[in-house]
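Structure assessment
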Amino acid sequence: MGAKVLAALLMVLALPVVLGLAVAASVGGADGFAAVVVVWVVVGVVLAGAAALLVRIWVPVRQLIRAAGKLADGDYSARVPVDGPVMTRPVLGSFNRMAARLQDADEQRRQLLADVGHELRTPLTVIRGDLEAMIDGVRPIDVARLRLLLGDVHVVERLLDDLHTLSLAESGALVLHREPTDVAQTARDVVAGLGRSAADGQVRLLVDAAADVPPIDVDPVRVREVVSNLVVNALRATPPDGTVTVVVQGDATALIVEVRDTGVGIPGDDVDRVFDRFQKGSDSSGTGLGLTISRDLVEAHGGTIQIADTSPKGTTIRLRLPSVRPGEQAERT
């Protein structure tokens, strides 16, 4: 390697000499000597400038190659300094952003695995413990207890179904079966289906839908799932004698659905995390994925969902769906 570098250096030094001698031979005398010196200096300056530029380019490229190797080996913390020539900085910045996204994705994957393990461990431990106790004769085979264990099985099934939906939505593989849908009627159906739960909790469950809400092209099953998730959460948060209202209204650009409750509100520290995976209140019996799935389903429709208002007197969650009229746009998936 050293011999190659020495040979390259000698060639660089010899080039201006050869050019200078060629000029001197054609000019001759003192002028020829002066020409040698001038040519040597000019060529030397040009080569030195080119060498300096190559070094400035090579240094960040070498750093990028090393960081890419670390990233390929699983070190997602690899970064490169964004300096050097202007032409290389966008590439270095893009590499750092890519590495940061990969690191975030890896952390989310690890956290998801930990959360899933935690959520599954409790019901599975209960089921296994009770079944072993029945098999060993420590606990009698009790139909009532078996029903409770069946309920734990349903919890596990619901968690697995939610994880499947979540993985489809976040990977972009979720297929939406769009059709003209009366979202106001969907809200009424949800309220009718949850009427008994609301009555058991002594909560008034109402629908306030505008008379002129037009149908829009959405997946009716997925939209119903979103509204159901929001209403169920609102019922859980609302004390007896409270009210949960589903408001449906629309205009030329969007259809708006709001679920308003008179519950305890969302603590300030949790407002920014309510749509995170497995984020749930201490008294929640759900999987902690309902709002995450709702957000992903709404965004898959091109819409948005947000906490419009929250206080100790209640919470309002607003979802906005683009007003795509029947026949105005082909089905999108």
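You'll find the structure just up there.
Described in the following lines is the structure provided in the data block.

Reading guide: rules and limits
Residue numbers here run from 1 along each chain, matching the order of that chain's written sequence. Confidence filtering applies because this is a predicted model: local features only for residues at pLDDT of at least 70, side-chain atom pairs given and counted only at 80 or more, and all residues used for totals across whole chains, interfaces and linings. As a rule here, side-chain values come from all non-hydrogen atoms in the structure, and water together with hydrogens is ignored. Only DSSP runs of H or I with at least four residues qualify as helices, and only runs of E with at least two residues qualify as strands; both kinds are numbered from the N terminus onward. In this scheme, a residue with accessible area under 20% of its type's maximum is buried, one over 50% is exposed, and one in between is partly exposed, where area comes from a 1.4 Å probe on protein chains only. Residue contacts are defined here by distance: any two heavy atoms, one from each residue, within 4.5 Å place the two residues in contact. For accessible areas, the Shrake-Rupley method is used with a probe of radius 1.4 Å. Any residue's cover is judged against the shown protein chains and nothing else. Here, expected helix span is obtained from the residue count minus one, scaled by 1.5 Å. Counting of polar contacts relies on pairs of N or O atoms within 3.5 Å, with two restrictions inside protein: one atom must be capable of donating a hydrogen and the other of accepting it, and residues adjacent in sequence are counted only when both atoms are side-chain atoms. Each nonpolar core is a collection of buried residues, namely Ala, Val, Leu, Ile, Met, Phe, Trp, Tyr and Cys, held together in the definition by side-chain atoms within 4.5 Å. We define a salt bridge as a side-chain nitrogen of Lys or Arg found within 4 Å of a carboxyl oxygen belonging to Asp or Glu. Axis definition: a line fitted to C-alpha atoms, over the contacting stretch in the case of helices. Angles run 0 to 180 degrees between N-to-C directions. Here a crossing is called left-handed whenever its near helix is offset anticlockwise from the far helix by less than a right angle, and right-handed whenever the offset is clockwise. Under the scheme applied, nonpolar residues are Ala, Val, Leu, Ile, Met, Phe, Trp, Tyr, Cys and Pro; charged residues are Asp, Glu, Lys and Arg; polar residues are all the others, including Gly. The pairing criterion for strands is at least two bridges between them, as found by DSSP. The labels follow the angle: roughly parallel below 35 degrees, roughly antiparallel above 145, roughly perpendicular from 65 to 115, and oblique for the rest.

**Describing the overall build of the protein**
- Scanning the protein from N- to C-terminus turns up eight helices and seven strands.
- Buried positions account for 33% of the 333 residues belonging to the protein.
- The long-range fraction of contacts in the protein, counting pairs at least 24 apart against all pairs at least 6 apart in sequence, stands at 65%.
- Taken as a whole, the protein presents about 19,700 Å² of accessible surface, with 60% of it coming from carbon and sulfur.

**A word on helix α4 (residues 143–171)**
- Its 29 residues give α4 an end-to-end C-alpha distance of 42 Å, which sits within 8% of 42 Å, the value for a rise of 1.5 Å per residue.
- Two or three places before Ala144, at the opening of α4, Asp142 has a side-chain oxygen 2.9 Å from that residue's backbone nitrogen.

**Considerations on the nonpolar core**
- Leu230, Val231, Val246, Val248 and Leu319 are the most contacted members of the largest nonpolar core, which has 45 residues in total.
- No other element matches the seven residues that helix α7 (residues 220–237) contributes to this core.
- Sequence-distant contacts of Leu319, defined by excluding residues within four places in its chain, comprise Val226, Leu230, Leu255, Ile256, Val257, Val298, Thr304 and Ile305.
- Among the nonpolar cores identified, the runner-up in size contains eight residues, and Leu64, Leu71, Leu92 and Ala99 belong to it.

**Looking at the pattern of salt bridges**
- Under the definition given, this model contains seven salt bridges.
- Close ionic contact of Arg145 with Asp130 constitutes a salt bridge, the shortest N to O distance being 2.3 Å. Here the residue Arg145 occupies a position in helix α4, and Asp130 occupies one in helix α3 (residues 89–135), the gap between them amounting to 15 residues.
- Since its relative accessible area comes to 23%, Arg145 is described here as partly exposed.
- Between Glu225 and Arg222 there is a salt bridge, with the nearest N and O atoms lying 3.1 Å from each other. Highlighted residues: Glu225 and Arg222, both in helix α7, separated by three residues, approximately one helical turn.
- Given a relative accessible area of 22%, Glu225 falls into the partly exposed group.

**A few points about α7**
- Between the first and last C-alpha of α7 there are 26 Å, a value that for 18 residues agrees with the 26 Å anticipated at 1.5 Å per step.
- Taken together, the buried positions of α7 are occupied by Arg222, Val223, Val226, Val227, Leu230, Val231, Ala234 and Leu235.
- For α7, the N-terminal capping position is held by Asp219, with its side-chain oxygen 3.1 Å away from the main-chain nitrogen of Val221.

**Structural notes on the packing of α7 against helix α8 (residues 290–300)**
- Two elements in contact, α7 and α8, have axes separated by 9 Å at closest approach and are oriented at 145°. Regarding α7 and α8, the two cross each other, and that crossing is left-handed. The segment α7 lies against α8, with Arg222, Glu225, Val226, Asn229, Leu230 and Asn233 engaging Gly290, Leu291, Ile293, Ser294, Leu297 and Val298.
- When the residues that make up the contact of α7 with α8 are grouped by side-chain class, the tally is six nonpolar, four polar and two charged.

**Some points on the side chain of Thr165**
- Relative to the assigned elements, Thr165 resides in helix α4.
- Among residues more than four places away in sequence, those in contact with Thr165 are Arg222, Glu225, Ile293 and Leu297.

**Regarding the pairing of strand β5 (residues 254–261)**
- Across the eight residues that make up β5, a large majority, seven, are buried.
- In this sheet, β5 lies alongside strand β4 (residues 243–250) in antiparallel orientation, the contact comprising seven bridges. In the strand pairing of β5, Val247 is matched with Glu258.
- Strand direction decides the pairing type here: β5 and strand β7 (residues 314–322), joined by eight bridges, are antiparallel. By the bridge assignment, Ile256 is partnered in β7 with Arg320.

**Re the sheet that holds β7**
- Ordered by their spatial adjacency, five strands build an open sheet running β2-β4-β5-β7-β6, and the pairing between neighbours is mixed. Each edge of the open sheet carries a strand with a single partner, namely β2 (204–209) and β6 (304–311). Ignoring which end each strand starts from, the neighbouring axes of this sheet average 15° apart.
- Bridge analysis of β6 against β7 gives seven bridges, and the strand direction is antiparallel. The residue of β7 that forms the bridge with Thr310 is Thr315.
- Sheet strands in contact with helix α5 (residues 183–193) are β2, β4 and β5, and its direction is about 170° off that of β2.

**Re the environment of Pro140**
- If you trace the backbone, Pro140 turns up in the loop between α3 and α4.
- Distance from Pro140 to Asp130, taken between C-alpha atoms, is 9.8 Å for residues ten residues apart in sequence.

**Some details on the packing of α5 against α7**
- Interhelical geometry of α5 versus α7 gives an angle of 45° and a closest axis separation of 10 Å. Between α5 and α7, the crossing angle belongs to the class labelled oblique. As α5 runs across α7, the sense of the crossing is right-handed. In this structure, α5 contributes Val183, Thr186, Asp189 and Val190 to the contact, and α7 contributes Val223, Arg224, Val227, Ser228 and Val231.
- Classifying every residue of the contact of α5 with α7 gives five nonpolar, two polar and two charged.

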